[in-house]
Amino acid sequence: MLRVKWGKRAFRIFARQWRWEGDNVGLQAAETMRSNVAETIKRIQQMPSIGIEHKTIGNKTYRSILTHPKSTLYYWHDDKELHI
């Protein structure tokens, strides 16, 4: 299974979305969003090529996958790590 590495910007955006959901929709909605992202990451770890391919730069192929109706996760991977 690939080790997950969150980029600083990606983590800040995720945290901001999670707080917005909690403040404006409710804690249950925020938890649902968090669990959707966690489940999506587990799926990507098992099969990293499931996302939509956007571009390739060098040996990195950037992909995206919908994690929540208002949230898309962008990532790339190598043999050992999944970079978000």
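As a reminder, the structure under discussion sits directly above these lines.
In this text, all values refer to a predicted model and were calculated from it rather than measured experimentally.

Peer 1: For this particular structure, what's the right way to read the overall build of the protein?
Peer 2: Within the protein, the regular secondary structure consists of two helices and five strands. Going residue by residue from the N terminus, the α and β elements of the protein occur as β-α-α-β-β-β-β. Each principal axis of the C-alpha distribution contributes one length, and for the protein these read about 40 × 20 × 20 Å. Relative to its full complement of 84 residues, the protein shows a buried share of 32%. At a minimum sequence separation of 6, the contacts of the protein that also span at least 24 residues come to 45%.

Peer 1: So what exactly am I meant to see when it comes to helix α2 (residues 27-46) here?
Peer 2: The end-to-end C-alpha separation of α2 is 29 Å, in line with the 28 Å expected for 20 residues at 1.5 Å each. What α2 keeps buried is the set A30, M33, V37, T40, I41, I44 and Q45. Along the axis of α2, the buried residues cluster in a sector spanning 145°; they form a single face. Across α2 from its buried face, at more than 90 degrees, point the exposed residues Q28 and Q46. Summarising the contacts, the buried residues of α2 are in contact with β1 (3-5), α1 (8-24), β3 (60-68), β4 (71-77) and β5 (81-83).

Peer 1: Help me understand the layout of surface pockets in this model?
Peer 2: Where empty space is left in the structure can be found by rolling a water-sized probe over the atoms. Reported here for the largest pocket is a volume of approximately 360 Å³. Along its surface, the largest pocket is lined by 19 residues, and A10, I13, T72, Y74 and I84 are the ones closest to its centre. For the lining of the largest pocket, the elements supplying multiple residues, two or more each, are α1, β3 and β4. Classifying every residue of the lining of the largest pocket by side-chain character gives eleven nonpolar, six polar and two charged.

Peer 1: In this structure, what is going on with a positive patch on the surface? I would like to understand it.
Peer 2: Together, K8, R9, R12, R16 and R19 make up a region of like positive charge exposed at the surface. The residue R19 is located in helix α1 in this model. R19 gets classed as partly exposed once you look at its relative accessible area, which sits at 46%.

Peer 1: It is not clear to me how the nonpolar core should be interpreted in this structure. Could you clarify?
Peer 2: Soluble globular proteins: nonpolar side chains tend toward being buried together. Among the nonpolar cores identified, the biggest contains eleven residues, and these are L2, F14, M33, V37, I41, I44, I65, L73, Y75, L82 and I84. Sorting the residues of this core by element identifies α2 and β4 as the ones contributing at least two each. If one sorts the elements of this core by residue count, α2 sits on top with four residues. Those residues within four positions of I41 in sequence are excluded, and the remaining contacts are V4, W6, L73, L82 and I84.

Conventions used here
Residues numbered from 1 in each chain as written. Predicted model: local features only at pLDDT ≥ 70, side-chain atom pairs only at ≥ 80, totals over all residues. Heavy atoms only, no water. Helix = DSSP H or I, 4+ residues; strand = E, 2+ residues; numbered from the N terminus. Buried < 20%, exposed > 50% of the residue type's maximum accessible area, 1.4 Å probe, protein only. Contact = heavy atoms within 4.5 Å. Expected span 1.5 Å × (residues − 1). Arc of directions from axis to C-beta. 1 Å grid on protein atoms, 1.4 Å probe; cavity = no way out; pocket = protein on both sides within 12 Å on 5 of 7 lines; lining within 4 Å. Points joined across faces, edges and corners; volume = space filled by probe spheres on them. Nonpolar A, V, L, I, M, F, W, Y, C, P; charged D, E, K, R; others polar. Patch = residues over 30% accessible without salt bridge, like charges linked within 9 Å, V, L, I, M, F, W, Y side chains within 5 Å. Areas by Shrake-Rupley, 256 points an atom, 1.4 Å probe, with all protein chains shown as cover. Salt bridge = Lys/Arg side-chain N within 4 Å of Asp/Glu carboxyl O. Lys, Arg positive; Asp, Glu negative; His and termini not counted. Charge placed at Lys NZ, Arg CZ, Asp CG, Glu CD. Core = buried A, V, L, I, M, F, W, Y, C linked by side-chain atoms within 4.5 Å.

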